[in-house]
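These are the residues of each chain, in order.
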Protein chains: 2
Amino acid sequence: MMSGASTVDAIRRVGLEMFARDGYEATTMRAIASEVGIQAGSLYNHFASKEEILWDLTRGALMQLTSRIRESMETLAVDADARDQLSAFVDAHVRFHALNSDQASIVNRQMAGLSATHYRQAVSLRATFETQLGDILRNGDASGEFHVIDLRMSVIAILQMCISVSTWYRADGKLSPDEICAVYVQLSQRMVGFDQRALMASGPRKGVSQR
Amino acid sequence: MMSGASTVDAIRRVGLEMFARDGYEATTMRAIASEVGIQAGSLYNHFASKEEILWDLTRGALMQLTSRIRESMETLAVDADARDQLSAFVDAHVRFHALNSDQASIVNRQMAGLSATHYRQAVSLRATFETQLGDILRNGDASGEFHVIDLRMSVIAILQMCISVSTWYRADGKLSPDEICAVYVQLSQRMVGFDQRALMASGPRKGVSQR
DNA sequence: GTCTATATATCGATAGAC
DNA sequence: GTCTATCGATATATAGAC
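Residues numbered from 1 in each chain as written. Chains lettered and ligands numbered in written order. Predicted model: local features only at pLDDT ≥ 70, side-chain atom pairs only at ≥ 80, totals over all residues. Heavy atoms only, no water.

Draft legend 1. Summary view of the relation of the copies chain B and chain A. Mapping chain B onto chain A is achieved by rotating through 180° and translating by 0.0 Å along the same axis, at an RMSD of 0.0 Å. Taken together, the rotation and translation relating the two chain copies correspond to the operation of a two-fold axis. Comparing contact sets, 100% of the residues at the interface of chain B also lie at the interface in chain A, consistent with an isologous, same-surface contact. (Least-squares fit on C-alpha atoms with pLDDT ≥ 70 in both. Contact = heavy atoms within 4.5 Å.)

Draft legend 2. Highlighting the protein's contact with DNA strand C. Near DNA strand C lie 14 residues; those nearest to it are Thr-7, Gln-39, Asn-45 and His-46 of chain A together with Thr-28 of chain B. Near the protein, meaning within 4 Å, the atoms of DNA strand C are sugar or phosphate in a fraction of 61%, with bases accounting for the rest. Interatomic distance of 2.6 Å between a backbone N/O atom of Gln-39 of chain A and a phosphate oxygen of DNA strand C. Between DNA strand C and Ser-42 of chain A there is a distance of 3.3 Å, counted from a phosphate oxygen to a side-chain nitrogen or oxygen. Classifying every residue of the surface near DNA strand C by side-chain character gives 3 nonpolar, 9 polar and 2 charged. (Near = heavy atom within 4 Å. Polar contact = N/O pair within 3.5 Å; in protein donor to acceptor, adjacent residues only side chain to side chain. Nonpolar A, V, L, I, M, F, W, Y, C, P; charged D, E, K, R; others polar.)

Draft legend 3. Representation of the domain arrangement of chain A within the structure. Residues and elements named next belong to chain A. Splitting chain A by domain gives domain 1 (1-47) and domain 2 (49-201). Distance between the C-alpha centres of domain 1 and domain 2: 29 Å. Tallying the contact residues gives 14 residues for domain 1 and 14 residues for domain 2. Taken over both partners, the interface formed by domain 1 and domain 2 buries close to 1400 Å², and the fraction arising from carbon and sulfur atoms is 70%. The three residues of domain 1 that bury the most area against domain 2 are Leu-16, Tyr-24 and Phe-47, which together make up 47% of that side's buried surface. Across the contact surface, domain 1 and domain 2 share 1 salt bridge. A salt bridge links Asp-56 to Arg-12; its shortest N-O distance comes to 2.7 Å. (Domains from an automatic or database assignment. Buried area = accessible area lost by both parts, 1.4 Å probe. Salt bridge = Lys/Arg side-chain N within 4 Å of Asp/Glu carboxyl O.)

Draft legend 4. Layout of the pattern of salt bridges. Counted under the stated rule, the structure contains 16 salt bridges over all chains. A salt bridge links Glu-71 of chain A to Arg-68 of chain A, with the nearest nitrogen and oxygen atoms 4.0 Å apart. Of the two residues, Glu-71 of chain A and Arg-68 of chain A both sit in helix H3 (residues 50-74), 3 residues apart, roughly one turn of that helix. Taking relative accessible area as the criterion, Glu-71 of chain A reaches 43% and is therefore assigned partly exposed. Here Asp-91 of chain B ties to Arg-95 of chain B by a salt bridge, and the two come within 3.0 Å at their closest N and O atoms. Of this pair, Asp-91 of chain B and Arg-95 of chain B both sit in helix H4 (residues 82-99), 4 residues apart, which is roughly one turn of the helix. In this structure, a network of salt bridges that share partners links the residues Asp-9, Arg-12 and Asp-56 of chain A. (Helix = DSSP H or I, 4+ residues; strand = E, 2+ residues; numbered from the N terminus. Buried < 20%, exposed > 50% of the residue type's maximum accessible area, 1.4 Å probe, protein only.)

Draft legend 5. Summary view of the protein's contact with DNA strand D. As a matter of local geometry, DNA strand D sits amid 15 residues, with Thr-28 and Arg-30 of chain A together with Gln-39, Asn-45 and His-46 of chain B nearest to it. At the protein interface, 60% of the atoms of DNA strand D within 4 Å belong to sugar or phosphate. Separating a phosphate oxygen of DNA strand D from a backbone N or O atom of Met-29 of chain A is a distance of 3.0 Å. Taking Gln-39 of chain B, its main chain carries an N or O atom lying 2.6 Å from a phosphate oxygen of DNA strand D. Within the surface near DNA strand D, the residues separate by chemical class into 3 nonpolar, 9 polar and 3 charged.

And the structure:
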């Protein structure tokens, strides 16, 4: 038991880590309890079932990501163009998946452990991201800023690209979240057909990074 | 038991389907045996353990994908440019992940069930795809065909984009594999900074698809 | 709210008859 | 090679003392 942290928060913290690392089915209530420092039966004073822990973590991760995206979009001016909107969206998405790889694993890999009802709710929450990005791309294409090849496939491809950062980013690696976000923002702009040559002409183009 | 198919092949077929749909840990040997039409104990006449089934399927999927990519690359002329190489690679990757979503699930989501030794072997096999695509991008950047922003991130982003097709493609959907591959090839060309304007100028540009 | 003890079920894997 | 029967371990979840 940790001082200064409630038992329920300790269960959340341990469950998140173990579900992400070992998978939901491979993680046992006994293992969670042991890491928290209590007996397995005591877990049921805080969560009705193992699935309730997963649902709590899934819902929390999705709401955290929702908040980060909303905060990032709110920094934009009301008349921001589609390019700025896309940048804010991709930046928030990449940053979240880099800095919260455990939450990313829960949402992207462990959702099969949810009950049918909770699974539907999670998919519904996740679909809002696709809708948001789809709106940005549609507006950008309509205004002539973008030249989208296919709306739905572009949306999924960009989202999946952002999500994949969670599989390789390491806090002790050579690249900072800022640097990574900058690259993915550029990639997303290319994918939607935003013409960057005007920007490139304003400064010397850097060589390809060969880390 | 199916006539014309050996028991071991039936186990492979059923295991692939159940591992992909329910996950490795959530799939029981009894469930596999039941679907095959034999008793659970009889499975051990064909595989030493549950993990051996997963490893057989993982290895098979990775080798199938390897073959598809090699076949696609071999259709190219010996002096094919980087753009054609990228197209052949992406086409094969997207096509495989669309038409073999179960194999894709095994390789991309169920590998945590493998033993440490088998896991390392699978990761090693999978790394060859990254190396191949990395070579194509590096050569294309060196020759001036591409303008790669960051080699490693571009490789991962493109691969993950191709893989994601397995999560939404349906054989009874509106899009054929050919149409999907065409879109993803274009997306990949944009991501590596291949200039398409010369091609676009040769014909009227189509509006964005709003399916 | 945590403990000990346990109910109830199911798991992967094995043994030996046929 | 498949069957029946079962081993030994472990799973989630519960009951009741403190």
